[in-house]
Amino acid sequence: MSYVDGFVLAVPKANLDAYRKMATDAGAIWKEYGALAYVECVGDDVPYGELTSFPRSVQAKDDEVVVFSWIVYESRQKRDEINAKVMADPRLKCDWDNMPFDAKRMIFGGFESFLEL
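Residues numbered from 1 in each chain as written. Predicted model: local features only at pLDDT ≥ 70, side-chain atom pairs only at ≥ 80, totals over all residues. Heavy atoms only, no water.

Draft legend 1. Just the overall build of the protein, in detail. Helix and strand counts for the protein stand at 3 helices and 4 strands. Counting from the amino terminus, helix and strand elements in the protein follow one another as β-α-β-α-β-α-β. Computed over C-alpha atoms, the radius of gyration of the protein comes to 15 Å, within 12% of the 13 Å expected from 2.2 N^0.38 for 117 residues, which places it in the range of a compact globule. Overall size of the protein, expressed as C-alpha extent along the three principal axes, is 40 × 35 × 20 Å. Within the protein, buried positions represent 36% of all 117 residues. Relative to all contacts within the protein whose residues are 6 or more apart in sequence, the contacts with residues 24 or more apart total 82%. Total accessible area computed for the protein in this model is approximately 7,900 Å², and 56% of it derives from carbon and sulfur atoms. The averaged location of the 20 negative side-chain charges in the protein is 3 Å from the averaged location of its 14 positive side-chain charges. (Helix = DSSP H or I, 4+ residues; strand = E, 2+ residues; numbered from the N terminus. Rg over C-alpha atoms; globule rule 2.2 N^0.38 Å. Buried < 20%, exposed > 50% of the residue type's maximum accessible area, 1.4 Å probe, protein only. Contact = heavy atoms within 4.5 Å. Areas by Shrake-Rupley, 256 points an atom, 1.4 Å probe, with all protein chains shown as cover. Lys, Arg positive; Asp, Glu negative; His and termini not counted. Charge placed at Lys NZ, Arg CZ, Asp CG, Glu CD.)

Shown next, in the form of structure tokens:
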């Protein structure tokens with residue numbers, strides 16, 4: 001079964017084009033090293049919940065959109081190998097203080113698939 005890295009983050013609406021370019025470039029590198037899929041989605045129907053919600057999880061502000069993304073790998077072992085190559089790739093060296101989003105509010109994690117239909 002596949003392995004998935006998932007991400008939720010808030011992107012200022014004014015920075016969405018810059019984020020798309022960054023994600024397009026990064027996604028191409030992940031795919032080059034063997035990721036099976038790289039997907040970025042902008043929240044379209046993500047209400048602000050009373051206790052929990054996507055916007056609450058990343059402390060989204062009124063001028064931000066929630067982005068939900070994931071990368072699919074063949075396995076956890078492949079994910080670890082691919083991510084090591086991606087993180088060492090000089091094309092992805094970035095200035096974290098000038099990212100088109102606040103990385104401190106990003107949620108991410110690795111998930112082992114237990115059901116695929």
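Draft legend 2. Summary view of the packing of aromatic side chains. Counting across every chain of the model gives 4 aromatic pairs. With 5.7 Å between their ring centres and 85 degrees between their planes, Y19 and F101 make a pair best called edge-to-face. Here Y19, found in helix α1 (residues 16-32), pairs with F101, found in the loop between α3 (76-88) and β4 (107-112); they are 82 residues apart in sequence, far enough to count as distant. Arranged with centres 6.0 Å apart and planes meeting at 35 degrees, the rings of W30 and Y38 form a pair that is tilted. Judged by relative accessible area, Y38 falls into the partly exposed class, the value being 23%. Taken together, the aromatic side chains of F54, F68 and W70 make up a single cluster linked through ring pairs. (Phe/Tyr/Trp six-rings, centres within 6.5 Å; stacked < 30°, edge-to-face > 60°.)

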